[in-house]
Amino acid sequence: ITEDTLIKLSDPSQYHFRFLDIVKVKGKKEAIYIFEIIDCDPENVRDLKIKTREDYNKAMQAYKKKDFKNALRIFQAIEAINPHDKTARIYLNRCINYTEKGVPEAWDGVESFDVKF
């Protein structure tokens, strides 16, 4: 869900959620924050995401600071605990890519999509 949707929930604290990414989609000038509602996952996956949420948040902070080696280490630990965490796998792969190939000069942590969803 978007940040706007999260804010409009009558009581966001009744849901388990986590930050996913900042994205800019085709046709939009402003980037949007998106979040994952964990409650929708199967119970075993949801419980592991809740268990690893603190580490996930630390990994995301490292990632946004361009500390990809530290973020990679944490995402690998998360994946070892929860191999079904697709988001951790995506970020793990991004960290490997940026560590091996370098970071584009204008990198600001925002993912741009060239197609509308």
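Just above sits the structure.
Conventions used here
Residues numbered from 1 in each chain as written. Predicted model: local features only at pLDDT ≥ 70, side-chain atom pairs only at ≥ 80, totals over all residues. Heavy atoms only, no water. Salt bridge = Lys/Arg side-chain N within 4 Å of Asp/Glu carboxyl O. Helix = DSSP H or I, 4+ residues; strand = E, 2+ residues; numbered from the N terminus. Buried < 20%, exposed > 50% of the residue type's maximum accessible area, 1.4 Å probe, protein only. Polar contact = N/O pair within 3.5 Å; in protein donor to acceptor, adjacent residues only side chain to side chain. Contact = heavy atoms within 4.5 Å. Core = buried A, V, L, I, M, F, W, Y, C linked by side-chain atoms within 4.5 Å.

Asker: Requested: an account of the pattern of salt bridges, with residues and values cited.
Answerer: If you walk through the whole model with that rule in mind, you get ten salt bridges. R94 is paired through a salt bridge with D21; the nearest N and O atoms lie 3.0 Å apart. You can see R94 sitting in helix α5 (residues 86-101) and its partner D21 sitting in strand β1 (residues 17-25), a full 73 residues away along the chain. For the pair formed by R94 and D21, the shared burial category is buried. In this structure, R94 engages E111 in a salt bridge whose closest nitrogen and oxygen atoms are separated by 3.7 Å.

Asker: Let's hear about the side chain of R18: which residues, and what values?
Answerer: Within the secondary structure layout, R18 lies in strand β1. Reaching out from R18, the side chain makes a polar contact with the side chain of E36 at a distance of 2.7 Å. Within polar-contact distance, the side chain of R18 engages the side chain of D85 at 2.7 Å. Once residues within four sequence positions are removed from consideration, R18 is found in contact with F35, E36, I38, K49, Y56, D85 and T87.

Asker: Before we move on, could you go through the nonpolar core and cite the residues and values that matter?
Answerer: Grouped together as the largest cluster of nonpolar side chains are 22 residues, with contacts concentrated most on Y56, Y63, F75 and C95. The set of elements that each furnish at least two residues to this core consists of β1, α3 (53-64), α4 (68-81) and α5. With six residues, the single largest contributor to this core is α4. Apart from residues no more than four positions distant in its own chain, F75 is found in contact with Y56, A59, M60, A88, Y91, L92 and C95.

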